[in-house]
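Observations on the model geometry
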Amino acid sequence: MQEPIVVTGMGAVTPLGTGVETTWKRLIAGESGIRRNDRVDTEGWKCRIAGLVPGRDEAGGFDPEAVMDARDLRRSDLFIHYAMAAASEALAQAGWQPDTDAQQMRTATVMATGVGGVPAITAASETVRTEGVRRLSPFVVPSFLPNLATGQVSIRFGFRGPSGAPVTACAASAQAIGDAMRMIRNGEADIALCGGTEGCVDPVAIGGFTAAKALSFNFNDEPTRASRPFDVDHDGFVLSEGAAALVIERLSHAEARGATPLAIVSGYGTTTDAHHVTAGWPDGREAARAMRLALGMAGLEPGAIGYVNAHATSTPVGDAAELAALTSVFGPGGGGVPVSSTKSATGHMLGAAGAIEAIFSVLALRHETLPAGLNIKHPMPEAEGFDLVSGAARPVAIDHVLSNAFGFGGVNAALVFSRFH
C-alpha cells in the first residue's frame, strides 16, 4: 500500500484578497472578487470586467514589495510576483526551510501557468515597435518564460530537486499537483511546492478571449453577477488572476519534522479529449474518465465523495459537458453529491484555477463547510436534479472531495482530497 501524501502548507493570492485566510473568509461570506477592469482603458470593449487582485491600498491587498525587492520586481512579470507570494505563505505554514544539501535536493518545485508573462510580451512588443530592438532589456525573456515562476521560486528557496511547469491551459495547476504527487510516489522527492499562477488580465488576453467568444460581457454594469456557473443566464467566463501553492509530502516525512497534515492528496487522474481545441466532448466522456482514474487511485467508490468543486467556468458548453460527465460518474443528478463552482466568486484564474480550487477543497474538509456557488438564480436545464450548493455556504462533515480542472486542447484533470484523521 502506498504511503499517504499529505498537504502541510497552502498559500494564495486571489481576486478575493491576499492570503488563504482572507480569501476563504470572503468566499464563505458569499463575496465576489469580480469588478470593473480599471487596470486598462476598456472604453469600447465588449468585456469591461475582470477578477483583479486587490492593490496594496485596498483591504486584503497585495503588496509585491513584501515578497520581492524592487530590482527583482522590475525584472519579472506579474505572474512571478504572485507565485512568489503564494509560495512564501505555503512554505511558512508548512514550516519548510531546507538548509542542508540532502533536504534541498529532495524538494521538488512544480508551478504551472496557463500563458506565462503575456503583459511582459505585450510591453516588449510595444518597445520594439516604438523604440527598436536595441531598447529591450536583457531580462525581458526571463520575465515572461512560463517556467520562470518555478525557476524563481526554486532559486529563492534553494530547492534543487526535480522541477516542472505544466502549461496545459486551465488544467495546468491541477496537473502540477498531480505531477508533484507522482514525483514523491516515484521516490524522486520527499516534499514538493506545487500549484499555479496567472497574471494575464491584459489587452491581448482579453481581446483574444473576446474574439473566441469565451468571455462574459452581459454584466459589465453588474460585475459581481457576471460569473454564474450552472445558471441559465451564463454567457462566458470572467478572466481573473492570482496564484495558489501547496506543500505536499510523504506522511512519514511530515511526521518526522513535526509538520501538521491538513489533508491527504489521495487521488489524481488525467486524460485528453483528442476532440477539439477549445471544447470538450459534449458528453464529458474523457472528463468522466479522469474522475474515475482519480477515484481509482484513491480507492474510493463515487458514493464516498461528499462534495465536488466543479471546474465550471460559466460557459454554456463547458458547464453542460461537466454536468454530463458528473452524471456519467455519479448517476442522474450527480447522485445527490453537493456541487458548486467557486469560480463564481473568483472568476477564472486560468492556470492557477486548479490549485486555488484544490485549496478550497482542503478547506472544505477542514472547516466542514461547502462554499456556495454565486448567481445561481435559474439553474440550466442540464442541472435538473443536481444538488447545487447556492445561496449560502453549507455546513456539513465530509471525508472526501473531488476537484476538477479542464483546459483548452482537451486536457482533463481530477484530484481527490481526503480528511486526515
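Being a predicted model, the structure only gives us computed values, none of them experimental.

Quick look at the overall build of the protein
- Looking only at helices and strands, the protein has 14 helices and 16 strands in total.
- Over its C-alpha trace the protein gives a radius of gyration of 20 Å, about what one expects of a compact globule, namely 22 Å for 421 residues.
- Across its three principal axes, the protein shows a C-alpha extent of roughly 60 × 55 × 40 Å.
- Each of the 421 residues in the protein was classed as buried or not, and the buried ones make up 58%.
- Sequence separation of at least 24 residues holds for 78% of the intrachain contacts in the protein that already meet a minimum separation of 6.
- Here the protein displays about 16,100 Å² of accessible surface, and carbon together with sulfur accounts for 52% of that area.

Here's the deal with the pairing of strand β15 (residues 400-407)
- Within β15, 8 of the 8 residues are buried, which leaves the element mostly enclosed by the surrounding structure.
- Residues His400, Leu402, Asn404 and Phe406 point to one face of β15 and Val401, Ser403, Ala405 and Gly407 to the other, with burial holding for every one of them.
- Here strand β10 (residues 307-309) runs beside β15; their pairing, made up of 3 bridges, is parallel. If you follow Asn309 over to β15, its bridge partner there is Ser403.

Digging into helix α11 (residues 285-298)
- In this model α11 runs 20 Å from its N-terminal to its C-terminal C-alpha over 14 residues, within 8% of the 20 Å that 1.5 Å per residue would give.
- All of the buried residues along α11 are Glu286, Ala287, Ala288, Ala290, Met291, Ala294 and Leu295.
- Looking at the buried residues of α11, the elements they touch are β9 (263-272), α12 (316-330), β15 and β16 (411-418).
- Trailing α11 by a residue or two, Gly299 shows a phi angle of about 70°, which is positive.

Let's talk about the environment of Ala108
- For Ala108, the location among the structural elements is in strand β5 (residues 107-112).
- It is 10.0 Å that separates the C-alpha atoms of Ala108 and Met181, two residues lying 73 residues apart in sequence.
- Not counting the four nearest positions on each side in its chain, Ala108 is found in contact with Gly161, Pro162, Met183, Ala189, Ile191, Ala192 and Leu193.

Structural notes on the environment of Thr122
- Within the element layout of this structure, Thr122 appears in helix α5 (residues 118-131).
- Here the alpha-carbon distance between Thr122 and Val204, two residues 82 residues apart in the chain, equals 7.3 Å.
- In contact with Thr122, not counting residues within four places along its chain, are Asp202 and Val204.

A few points about the nonpolar core
- Core analysis: the biggest nonpolar cluster contains 54 residues, and Val7, Met10, Leu246, Ile248, Ile359 and Phe417 have the highest contact counts within it.
- Not counting residues up to four positions away in its chain, the partners in contact with Met10 are Val20, Glu89, Ala90, Gln93, Ala245, Leu246, Leu262, Ile359, Val362 and Leu363.

Re the packing of aromatic side chains
- Under the definition given, this model contains 5 aromatic pairs.
- On the numbers, 5.2 Å between centres and 75° between planes, the contact of Phe209 with Phe237 is edge-to-face. Of this pair, Phe209 sits in helix α9 (residues 203-211) while Phe237 sits in the loop between α9 and β8 (242-250), and the two are 28 residues apart along the sequence.
- On the accessibility criterion, Phe209 (17% relative accessible area) is buried.
- A relative accessible area of 5% places Phe237 in the buried class.
- Three or more aromatic residues joined by ring pairs form one cluster here, namely Phe209, Phe237 and Phe408.

As for the packing of α11 against α12
- Two numbers describe how α11 lies on α12: the axes approach to 8 Å, and their chain directions differ by 45°. One way to sum up the angle between α11 and α12 is to call them oblique. Considering the relative orientation of α11 and α12, their crossing is right-handed. Residues Ala287, Ala288, Met291, Arg292 and Leu295 of α11 pack against Ala325, Leu326, Ser328 and Val329 of α12.
- Looking at the contact of α11 with α12, its residues break down into 7 nonpolar, 1 polar and 1 charged.

Some words on the pattern of salt bridges
- Scanning the model with the defined rule gives 22 salt bridges in all.
- Measuring nitrogen to oxygen at the nearest pair gives 3.5 Å for the salt bridge that ties Glu368 to Arg419. Of the two residues, Glu368 sits in the loop between α14 (353-367) and β12 (369-370) while Arg419 sits in the segment after β16, which places them 51 residues apart along the sequence.
- Two residues, Arg419 and Asp399, come together in a salt bridge whose shortest N-O distance is 3.3 Å. Taken as a pair, Arg419 in the segment after β16 and Asp399 in the loop between β14 (394-395) and β15 lie far apart in primary sequence, 20 residues in all.
- Three or more residues are tied together by salt bridges with common partners; here these are Glu3, Arg106, Asp190 and Arg250.

Examining the packing of helix α8 (residues 172-185) against α14
- The geometry of α8 relative to α14 is characterised by a closest axis approach of 5 Å and an angle of 65° between their N-to-C directions. Here α8 is positioned roughly perpendicular relative to α14, judged by the angle of their axes. Facing α8, whose interface residues are Ser173, Ala174 and Ile177, α14 presents Ala353, Gly354, Ala355 and Ala358.
- Here the residues of the contact of α8 with α14 sort into 5 nonpolar, 2 polar and no charged.

Thresholds, definitions, all that
- Each chain has its residues counted from 1, running along the sequence as written.
- Local features are withheld for residues below a pLDDT of 70 in this predicted model, meaning they are given only at 70 or higher, and side-chain atom pairs are given and counted only at 80 or more; totals for whole chains, interfaces and linings count all residues.
- Side-chain metrics rest on all non-hydrogen atoms present in the structure, leaving aside hydrogens and water.
- Under the DSSP-based scheme used, a helix requires at least four consecutive residues in state H or I and a strand at least two consecutive residues in state E, with every element numbered from the N terminus.
- All radius of gyration figures rest on C-alpha atoms, and the globule criterion is 2.2 Å times the number of residues raised to 0.38.
- Only protein chains enter the area calculation, which uses a 1.4 Å probe; residues under 20% of their type maximum are buried, those over 50% are exposed, and those in between are partly exposed.
- Two residues form a contact once any of their heavy atoms are found within 4.5 Å.
- For accessible areas, the Shrake-Rupley method is used with a probe of radius 1.4 Å. Any residue's cover is judged against the shown protein chains and nothing else.
- Strands are treated as partners if at least two bridges between them are detected by DSSP.
- The span one expects for a helix is its residue count, reduced by one, times 1.5 Å.
- Working definition of a nonpolar core: buried Ala, Val, Leu, Ile, Met, Phe, Trp, Tyr and Cys residues. They are joined through side-chain atoms within 4.5 Å.
- Stacked, tilted and edge-to-face pairs are distinguished by plane angle, under 30 degrees for stacked and over 60 for edge-to-face with tilted covering the rest, among Phe, Tyr and Trp rings (Trp via its six-membered ring) whose centres lie within 6.5 Å.
- To obtain each axis, a line is fitted to C-alpha atoms, and for helices this fit is confined to the stretch in contact; angles are then taken between N-to-C directions over 0 to 180 degrees.
- Angle categories are assigned with fixed cut-offs, so that under 35 degrees is roughly parallel, over 145 is roughly antiparallel, 65 to 115 is roughly perpendicular, and the rest are oblique.
- With the far helix as reference, a near helix turned anticlockwise by less than a right angle produces a left-handed crossing, and one turned clockwise produces a right-handed crossing.
- Nonpolar residues are Ala, Val, Leu, Ile, Met, Phe, Trp, Tyr, Cys and Pro. Charged residues are Asp, Glu, Lys and Arg, and all others, Gly as well, are polar.
- We define a salt bridge as a contact between a side-chain nitrogen of Lys or Arg and a carboxyl oxygen of Asp or Glu at a distance within 4 Å.

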